[in-house]
Amino acid sequence: MTTHKPLLIIVSSPSGAGKTTLCKRLLAEFSDIRFSISHTTRVPRPNEVDGRDYIFTDKATFDKMVDEEQFVEWAHVHGNRYGTSLGEIRSAAAQRVDLIFDVDYQGARQIKSNYPDAVGIFILPPSIDELKLRLNARGTETPESLERRFKAALGEIAHYDEFDYLLVNDNVDHAYDRLRSILLAERIRIARSSDAARKLLE
Ligand code: 5GP
């Protein structure tokens, strides 16, 4: 059996752009895609499950993994550390599935430099007003924390041009259609699907 080279799909966005909803839909529709579970030193939120949302890791373990070069990429994001382990990519290859990464622009940059075939998708909110609304969706932000989250979002958006695709999430159904189109098209790139032609020519 040929070895499986997973398609690596990086999805980044500022918070409040609807990335999680879109990724969940993709995972629900395609059983041959898996979500890359990152390690993080951040504490779990009430609804999060260790091993499902993240692998929650203490700082010493994270340091050890960095020293042992177990990460494909890692970065400081909002005061915590987050990293993608090499094990995630290896197990996707073994399970013959593709992988979707929810990482920030620093992680996207590192994955792309290690795996130039990786596909980077950046999701944008439709407007500044809508972004502000979504950042304050819970209605519990103070003006200062809202301003901080807004600045962080703009800082993330500034890196849009490091990605291959830009997806404006103006309507979740339309954005999802475009996201799945990217997946379907990337899967049939000649570089990834030439086996079918080679077999015919044999
Ligand atoms: P949250 O703490 O809200 O789950 O995530 C905060 C930010 O960290 C998000 O922008 C998310 O994309 C990013 N992030 C999550 N996992 C990783 C990772 O493994 N590497 C990097 N570089 N960023 C990550």
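In case you missed it, the structure is sitting above this.
Residues numbered from 1 in each chain as written. Predicted model: local features only at pLDDT ≥ 70, side-chain atom pairs only at ≥ 80, totals over all residues. Heavy atoms only, no water.

Engineer: Got a minute to help me understand the overall build of the protein in this structure?
Structural biologist: When helices and strands are counted, the protein shows nine helices and nine strands. A globule of 202 residues ought to have a C-alpha radius of gyration of about 17 Å, and the protein, at 18 Å, matches this closely. Expressed along its principal axes, the backbone C-alpha trace of the protein runs to roughly 65 × 40 × 30 Å. Long-range pairs, those at least 24 residues apart, make up 66% of the contacts in the protein between residues at least 6 apart in sequence. Accessible area for the protein stands at about 11700 Å²; split by element, carbon and sulfur atoms hold 54% of it. Here the protein contributes 28 positively and 31 negatively charged side chains, and the mean placements of these two sets differ by 2 Å. (Helix = DSSP H or I, 4+ residues; strand = E, 2+ residues; numbered from the N terminus. Rg over C-alpha atoms; globule rule 2.2 N^0.38 Å. Contact = heavy atoms within 4.5 Å. Areas by Shrake-Rupley, 256 points an atom, 1.4 Å probe, with all protein chains shown as cover. Lys, Arg positive; Asp, Glu negative; His and termini not counted. Charge placed at Lys NZ, Arg CZ, Asp CG, Glu CD.)

Engineer: Explanation requested: the packing of helix α5 (residues 128–135) against helix α6 (residues 143–157) in the structure shown.
Structural biologist: Relative orientation and spacing of two packed helices are given, respectively, by the angle between their axes and the distance between those axes. For the pair α5 and α6, the least separation of the axes is 10 Å and the interaxial angle reads 130°. When the interaxial angle is binned, α5 and α6 end up oblique. Regarding α5 and α6, the two cross each other, and that crossing is right-handed. Seen from α5, the contacting residues are Ile-128, Leu-131, Lys-132 and Leu-135; seen from α6, they are Leu-146, Arg-149, Phe-150, Ala-153, Leu-154 and Ile-157. Split into classes, the residues belonging to the contact of α5 with α6 amount to eight nonpolar, no polar and two charged. (Axes fitted to C-alpha atoms, helices over the stretch in contact; angles between N-to-C directions. Parallel < 35°, antiparallel > 145°, perpendicular 65-115°, else oblique. Left-handed = near helix turned anticlockwise from the far one by under 90°. Nonpolar A, V, L, I, M, F, W, Y, C, P; charged D, E, K, R; others polar.)

Engineer: Explain the packing of helix α1 (residues 19–29) against helix α7 (residues 172–187) here, please?
Structural biologist: Two elements in contact, α1 and α7, have axes whose closest approach is 10 Å; the angle formed by their N-to-C orientations is 55°. For the element pair α1 / α7, the angle class is oblique. Relative to α7, α1 is oriented so that their crossing is right-handed. For the pair α1 and α7, the contacting residues are Thr-21, Leu-22, Arg-25, Leu-26 and Glu-29 in the first and Val-172, Asp-173, Ala-175, Tyr-176, Leu-179, Arg-180 and Leu-183 in the second. Looking at the contact of α1 with α7, its residues break down into seven nonpolar, one polar and four charged.

Engineer: I keep staring at the sheet that holds strand β3 (residues 39–40) and nothing clicks. Help me out?
Structural biologist: Where strands meet in a sheet, backbone hydrogen bonds hold them as pairs that are either parallel or antiparallel. What the four strands build is an open sheet, ordered β4-β3-β6-β5; its pairing is mixed. Looking at strand neighbours, the two that pair on one side only are β4 (55–56) and β5 (71–77), the edges of this open sheet. Pairing geometry for β5 and strand β6 (residues 80–85), over six bridges, is antiparallel. Bridging across to β6, Glu-73 finds its partner in Thr-84. Each of β3, β5 and β6 touches helix α2 (residues 59–67); the most contacted strand, β6, lies at about 45° to it. (Pairing = 2+ DSSP bridges.)

Engineer: Hey, could you run me through unusual backbone geometry in this one?
Structural biologist: Residues apart from glycine generally show negative phi values, whereas peptide bonds are mostly found in trans. The backbone phi angle of Glu-69 is positive, close to 55°, even though this residue is not glycine. You can see Glu-69 is positioned in the loop between α2 and β5. Classification of Glu-69 by relative accessible area gives exposed; the value is 64%. Positive phi outside glycine occurs at His-78, with the angle close to 45°. On the secondary structure map, His-78 appears in the loop between β5 and β6. (Buried < 20%, exposed > 50% of the residue type's maximum accessible area, 1.4 Å probe, protein only.)

Engineer: Hey, could you run me through the sheet that holds strand β8 (residues 119–124) in this one?
Structural biologist: As summarised here, the arrangement of the five strands in space is β2-β7-β1-β8-β9, forming an open sheet in which the pairing is parallel. Every interior strand has two partners, whereas the edge strands, β2 (33–35) and β9 (165–168), have only one. Each strand axis lies, on average, 25° off the axis of its neighbour in the sheet, ignoring direction. Inspection of the sheet shows β2 paired to strand β7 (residues 98–102) by three bridges, in the parallel sense. Following the sheet pairing, Phe-35 is matched in β7 by Ile-100. Strands in contact with α7 are β1 (8–12), β2, β7, β8 and β9; relative to β9, the strand with the most contacts, it is inclined by about 160°.

Engineer: Just checking my understanding: could you explain the site of the ligand for this structure?
Structural biologist: Inspection of the region around the ligand gives 15 residues, with Ser-38, Arg-42, Tyr-54, Tyr-82 and Asp-102 positioned closest. Arg-42 has a polar side-chain atom sitting 2.6 Å from an oxygen atom of the ligand. Thr-84 is positioned such that a nitrogen or oxygen atom in its side chain is 3.4 Å from an oxygen atom of the ligand. Calculation on the ligand without its partners gives an accessible area of 510 Å², and the protein chains cover 88% of this total. The set of elements that each furnish at least two residues to the shell around the ligand consists of β5 and β6. Residues that form the shell around the ligand fall into these classes: five nonpolar, four polar and six charged. (Near = heavy atom within 4 Å. Polar contact = N/O pair within 3.5 Å; in protein donor to acceptor, adjacent residues only side chain to side chain.)

By themselves, these observations are geometric and do not establish any function.
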